[in-house]
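Single-letter residue listing:
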Amino acid sequence: MTAHRAPSEEQRMPLLSAMYANLKRPPRSVTDWLADAVRAAAIVIVIVSLFALPFTDFAVLSMSLPAVMLSRMIGLRSGLDLVTCVTVFIAAGSNVIDLYRAWTGWDLIVHAVCTGVLAAVALVLLDDARVIEPTGRRRTPILVATTAGLALSAVWEMVEWFGYRFITDAIFVTYDDTIGDMIAGGAGALIAGVLASRWRLTRTDRAAL
């Protein structure tokens, strides 16, 4: 893995332009349509939740929107785009309808899968921004995805702690839960990195970056 200096403002423009081009690209397959349908449903549900649900539930649901939009903007291949949209919104929705308490083990499953797809998104973003340079080495995406996944898991656990400490004690936070979630997230990110080292994550027809 080769480190690069942060891109200048001039260097960022092509990346942003490409992301915009990917965002406005019309769907070209059934999977594309399904991913866009999930994306549209997520946006509508978040807007409705602002008026129909407690603010904490709206905040949790709205946290899914950056991921479901980014997966299209960076040109993830259609199947991965669909999986990302569904997984991220299920992860947020499970908080709202309290599935994490109701179904034993659901928390760990969602942490593994959700962190895995987010690690894949992070891997593509870092590559596009020239922060990393795979150069054909299979271990690079494995190391980067796993590191990104562990970092995302740590940030999420901090968000949960902050919510429990300052917003509502209905948020379930224990030491064992935190460590278990981070292990599951790290495992999911590792699997994503292994898959990324063998298969392309992005569409062949996406806008060049």
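Everything that follows concerns the structure shown earlier in this document.
Calculation rules
- Residues numbered from 1 in each chain as written.
- Predicted model: local features only at pLDDT ≥ 70, side-chain atom pairs only at ≥ 80, totals over all residues.
- Heavy atoms only, no water.
- Helix = DSSP H or I, 4+ residues; strand = E, 2+ residues; numbered from the N terminus.
- Buried < 20%, exposed > 50% of the residue type's maximum accessible area, 1.4 Å probe, protein only.
- Contact = heavy atoms within 4.5 Å.
- Patch = residues over 30% accessible without salt bridge, like charges linked within 9 Å, V, L, I, M, F, W, Y side chains within 5 Å.
- Areas by Shrake-Rupley, 256 points an atom, 1.4 Å probe, with all protein chains shown as cover.
- Salt bridge = Lys/Arg side-chain N within 4 Å of Asp/Glu carboxyl O.
- 1 Å grid on protein atoms, 1.4 Å probe; cavity = no way out; pocket = protein on both sides within 12 Å on 5 of 7 lines; lining within 4 Å.
- Points joined across faces, edges and corners; volume = space filled by probe spheres on them.
- Nonpolar A, V, L, I, M, F, W, Y, C, P; charged D, E, K, R; others polar.
- Core = buried A, V, L, I, M, F, W, Y, C linked by side-chain atoms within 4.5 Å.

## Brief notes about the overall build of the protein chain
So, point 1. Along the backbone of the protein chain there are 9 helices and 0 strands.
So, point 2. Listing each helix as α and each strand as β along the protein chain from the N terminus yields α-α-α-α-α-α-α-α-α.
So, point 3. The burial tally for the protein chain puts 39% of its 209 residues in the buried class.
So, point 4. Partitioning the contacts of the protein chain with sequence separation of at least 6, the portion at a separation of at least 24 is 77%.

## Points about a nonpolar patch on the surface
So, point 1. On the surface, Ile43, Ile47, Leu50, Phe51 and Phe55 cluster together to form a nonpolar patch covering roughly 560 Å² of accessible area.
So, point 2. At 4 residues, helix H2 (residues 30-52) tops the list of elements feeding residues into the nonpolar patch.
So, point 3. Relative to the helices and strands, Leu50 is located in helix H2.
So, point 4. You can call Leu50 partly exposed: its relative accessible area is 42%.

## A closer look at the layout of surface pockets
So, point 1. Taken as a whole, the largest pocket holds about 820 Å³ of empty space.
So, point 2. Broken down by class, the residue content of the lining of the largest pocket amounts to 17 nonpolar, 7 polar and 7 charged.
So, point 3. Of the voids in this model, the second largest pocket is the one considered here, and its volume is about 600 Å³.
So, point 4. Considering the residues around the second largest pocket, the lining is formed by 24 residues, among which Met63, Val88, Cys114, Leu118 and Trp156 are closest to the centre.
So, point 5. Secondary-structure elements contributing two or more residues to the lining of the second largest pocket are helix H4 (65-73), helix H5 (78-96), helix H7 (106-128) and helix H8 (139-166).
So, point 6. The element best represented in the lining of the second largest pocket is H7, accounting for 7 residues.
So, point 7. Across the lining of the second largest pocket, the residue classes break down as 17 nonpolar, 5 polar and 2 charged.

## Details of the nonpolar core
So, point 1. Judged by nonpolar contacts, the single largest core of 13 residues is most densely connected at Ile74, Leu76, Leu80, Leu123, Val124 and Leu201.
So, point 2. The set of elements that each furnish at least two residues to this core consists of helix H1 (9-24) and H7.
So, point 3. Setting aside anything within four residues of it in sequence, one finds Leu80 in contact with Ala120 and Leu201.
So, point 4. In terms of nonpolar packing, the next biggest core, distinct from the first, is built from 9 residues, Ala42, Leu65, Cys85 and Ala92 among them.

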